[in-house]
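Single-letter residue listing:
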Amino acid sequence: MIPFNKPYFSGNEINYIRQAIDSGCISGNGEFTKKCHYFFKERYGFKNCLLATSCTDALEMASILLDVKNGDEVIIPSYTFVSTANPFVLRGAKIVFADSNPLNPNIDADKIEELITPRTKAIVPVHYAGIASDMDKIMAIAGKYNLFVVEDAAQSIESYHKNRPIGSIGHLAAFSFHETKNIVCGEGGMLVINDERFKKRAEIIWEKGTSRAEFFRGEVDKYGWKDIGSSFLPSDLIAAFLFAQLENIEDIQAKRKQIWQLYDDGLKKLEVKGFVKLPYIPEYATNNSHLFYILCENQKIRDGLLSFLKSKQIRAVFHYLPLHKSDFYSETHGDRQLPWCDSYSECLIRLPIYCELSGEKVKEIISCIYKYFECRL
Ligand SMILES: Cc1ncc(COP(=O)(O)O)c(C=O)c1O
């Protein structure tokens with residue numbers, strides 16, 4: 001079976017974990033955590049970033065930082081993972097689901113304004129497949145109504161909106177280093193704090209609501225309980241693993257890009273013939289090759305293709321189920337229709353993409369897809 005995903009180990013992960021062990025300091029905010037923070041500052045210009053135990057937790061930190069409370073409303077696309085919504089629901093917010101746009105699964109920025117009420121607190125765009133949402137429009141709406149923007153950048157490391165790195169545009173942003181992402185550490189994430197007003201409090205929330213980070217920098221002579229918070233910081237063993245990956249980001253990205261391009265070139269003819277649609281990348285966005293998806297005409301064809309590929313030992317997968325129709329939230333959402341979200345949920349397939357996937361295997365996958373559609377001619 002060709003798997004859908006396979007975490008890539010770039011070589012130094014075990015060595016750095018060993019170094020952390022030998023240093024005698026493996027709890028959070030240690031040397032490797034600092035090295036990772038420095039890497040992100042240097043490479044993307046993120047002024048303030050904090051490694052987190054997951055992107056979900058980074059979003060929970062964001063929700064606490066924004067003081068989200070009962071009655072607040074947060075606008076998010078319905079076509080996303082539950083983690084975009086849960087951190088805000090946990091603090092009492094009502095989620096107002098937005099539709100995707102017709103060209104790609106990202107939030108339809110032209111439909112956000114009609115969802116705003118006096119209770120709206122934040123917009124949380126998701127950069128699906130690492131392809132930027134329309135941040136100019138989203139930031140302009142946020143400015144007009146005095147709202148916060150939290151970028152769900154779970155899939156978006158090394159991706160840009162115009163010339164700005166994703167994650168540097170909203171007031172806050174959250175990344176994932178889960179094993180399914182481009183850069184991995186098993187479970188891990190990061191909060192980026194672009195709005196300086198949140199800088200100090202973010203560090204306190206990160207360290208169980210205490211001033212421990214300040215204490216270890218020698219800025220205070222003892223540390224104590226300052227705020228609500230949790231244990232959002234990962235062990236330095238995790239940071240050591242992550243740092244090995246970050247050092248190899250160019251190599252990892254080059255490998256993924258090659259695979260992505262093979263799919264895109266190889267499947268173009270099917271798109272021209274009208275059988276599928278390939279990823280649409282707006283002119284303001286770059287592509288980090290996080291995933292390669294194709295859109296089938298309807299769910300029947302999509303499910304047929306998934307089964308056909310499975311019969312050929314290829315593990316392709318669909319993606320999100322609409323959150324506005326979920327068991328947990330459909331009643332609260334009501335019957336407002338989100339047709340583009342439904343359509344992406346029914347018609348989208350993700351193809352295997354991981355560093356070790358050979359060009360031969362990619363060609364084999366492409367030719368199986370052609371075989372499936374040939375039967376339909
Ligand atoms: C859009 C989106 N947001 C958040 C997450 C959660 O990331 P993590 O597993 O690091 O908590 C994911 C995970 O795949 C995701 O796809």
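Residues numbered from 1 in each chain as written. Predicted model: local features only at pLDDT ≥ 70, side-chain atom pairs only at ≥ 80, totals over all residues. Heavy atoms only, no water.

Visitor: What is the right way to look at the pairing of strand 8 (residues 172-176) in this model?
Guide: Regular strands have side chains that alternate between both faces of the sheet. For strand 8, a buried count of 5 out of 5 residues is recorded, marking the element as mostly surrounded by other parts of the structure. The alternating pattern of strand 8 places Leu-172, Ala-174 and Ser-176 and Ala-173 and Phe-175 on opposite faces, both of which are buried. Inspection of the sheet shows strand 5 (residues 148-152) paired to strand 8 by 3 bridges, in the parallel sense. Paired with Asp-152 across the bridge in strand 8 is Ala-174. (Buried < 20%, exposed > 50% of the residue type's maximum accessible area, 1.4 Å probe, protein only. Helix = DSSP H or I, 4+ residues; strand = E, 2+ residues; numbered from the N terminus. Pairing = 2+ DSSP bridges.)

Visitor: How do you make sense of the side chain of Ser-176 when you look at a structure like this?
Guide: Structurally, Ser-176 is set in strand 8. Within the structure, Ser-176 has its side chain in polar contact with the backbone nitrogen of His-178 (distance 3.1 Å). Not counting residues within four places of it along the chain, the set of residues in contact with Ser-176 comprises Cys-55, Ala-153, Ala-154, Lys-181, Ile-183, Gly-188 and Gly-189. (Polar contact = N/O pair within 3.5 Å; in protein donor to acceptor, adjacent residues only side chain to side chain. Contact = heavy atoms within 4.5 Å.)

Visitor: Looking at this structure, I do not really get helix 9 (residues 249-272). What am I missing?
Guide: Because an α-helix completes one turn every 3.6 residues, residues spaced three or four positions apart along the sequence face the same direction. The first and last C-alpha atoms of helix 9 sit 34 Å apart over 24 residues, in line with the 34 Å expected at 1.5 Å per residue. The sharpest bend along helix 9 reaches about 35° and sits at Gly-266. What helix 9 keeps buried is the set Ile-249, Ile-252, Gln-253, Arg-256, Ile-259, Trp-260, Tyr-263, Asp-264, Leu-267 and Leu-270. Those residues of helix 9 that are buried lie in contact with helix 2 (31-44), helix 8 (236-247), strand 10 (276-277), strand 11 (292-296), strand 12 (348-351) and helix 13 (359-374). (Expected span 1.5 Å × (residues − 1). Bend = angle between axes of the 7 residues up to and from the residue.)

Visitor: Before we go on, may I ask you to explain the packing of helix 9 against helix 13 in this structure?
Guide: The description of two packed helices rests on the angle between their axes and on the distance between the axes. The contact between helix 9 and helix 13 brings their axes to 10 Å, and the two run at 20°. Between helix 9 and helix 13, the interaxial angle falls into the category roughly parallel. The interaxial crossing formed by helix 9 with helix 13 has right-handed handedness. Only Gly-359, Val-362, Lys-363, Ile-365, Ile-366, Ile-369, Tyr-370 and Phe-373 of helix 13 make contact with helix 9, whose side of the interface consists of Ile-259, Leu-262, Tyr-263, Gly-266, Leu-267, Lys-268, Lys-269 and Leu-270. A class-by-class count of the residues in the contact of helix 9 with helix 13 yields 11 nonpolar, 2 polar and 3 charged. (Axes fitted to C-alpha atoms, helices over the stretch in contact; angles between N-to-C directions. Parallel < 35°, antiparallel > 145°, perpendicular 65-115°, else oblique. Left-handed = near helix turned anticlockwise from the far one by under 90°. Nonpolar A, V, L, I, M, F, W, Y, C, P; charged D, E, K, R; others polar.)

Visitor: Even after reading the chapter, I still don't get helix 3 (residues 55-65), so can you show me in this structure?
Guide: Across the 11 residues of helix 3, 9 count as buried, placing the element largely inside the fold. Within the sequence span of helix 3, burial applies to Cys-55, Asp-57, Ala-58, Leu-59, Met-61, Ala-62, Ser-63, Ile-64 and Leu-65. Buried residues along helix 3 sit against strand 1 (49-52), helix 4 (82-89), strand 5, strand 8, strand 9 (189-193) and helix 6 (199-206). Measuring from the backbone nitrogen of Thr-56 back to the side-chain oxygen at the start of helix 3 gives 3.4 Å, which picks out Ser-54 as the cap. Once helix 3 ends, the next one or two residues include Asp-67, with phi positive near 55°.

Visitor: Explanation requested: the environment of Leu-267 in the structure shown.
Guide: Inspection of the secondary structure assignment puts Leu-267 in helix 9. Taking relative accessible area as the criterion, Leu-267 reaches 0% and is therefore assigned buried. A sequence separation of 100 residues divides Leu-267 from Ser-367, and the C-alpha atoms of the two residues are 9.1 Å apart. Each residue touching Leu-267, except ones within four places of it in the same chain, is listed here: Leu-278, Phe-292, Ile-294, Leu-351, Ile-366, Ile-369 and Tyr-370.

Visitor: I would appreciate a short explanation of the site of the ligand in the present structure.
Guide: For the ligand, the set of nearby residues contains 16 residues, the closest of which are Thr-56, Asp-152, Ser-176, Lys-181 and Tyr-320. Contact distances for the ligand include 2.9 Å between an oxygen atom and a backbone N or O atom of Cys-55. The separation between an oxygen atom of the ligand and a polar side-chain atom of Thr-56 is 2.4 Å. In isolation the ligand exposes 390 Å². Once the protein is present, 91% of that is buried. Looking at the shell around the ligand, the elements that each hand over two or more residues are helix 3 and helix 4. Considered class by class, the residues forming the shell around the ligand number 5 nonpolar, 9 polar and 2 charged. (Near = heavy atom within 4 Å. Areas by Shrake-Rupley, 256 points an atom, 1.4 Å probe, with all protein chains shown as cover.)

Visitor: It is not clear to me how the pairing of strand 12 should be interpreted in this structure. Could you clarify?
Guide: Where burial is concerned, the two faces of strand 12 agree: the one with Leu-348 and Arg-350 and the one with Ile-349 and Leu-351 are both buried. Relative to strand 12, strand 11 is paired through 4 bridges, and the arrangement is antiparallel. Pairing of Ile-294 across the sheet is with Ile-349, part of strand 12.

Visitor: Whenever I open this one, the nonpolar core confuses me. Can you help?
Guide: The tendency in soluble globular proteins is for nonpolar side chains to be buried as a group. Phe-40, Leu-172, Phe-177 and Met-190 are the most contacted members of the largest nonpolar core, which totals 82 residues. Sequence-distant contacts of Met-190, that is, excluding residues within four places in its chain, are made with Phe-40, Phe-46, Cys-49, Leu-50, Leu-51, Ala-52, Ala-58, Ala-173, Ala-174, Phe-175 and Phe-177. Counting residues in each nonpolar core, the second largest holds 32 residues, with Trp-260, Phe-308, Ile-349 and Ile-365 among its members. (Core = buried A, V, L, I, M, F, W, Y, C linked by side-chain atoms within 4.5 Å.)

Visitor: How should I be thinking about the sheet that holds strand 10 in this particular structure?
Guide: If you walk across this open sheet you meet the 3 strands as 10-11-12, and the pairing is antiparallel. Looking along the sheet, the strands with just one partner apiece sit at the ends: strand 10 and strand 12. Of the strand pairs in this sheet, strand 10 and strand 11 are connected by 2 bridges, and their pairing is antiparallel. Bridge pairing in strand 11 links Val-276 to Cys-296.

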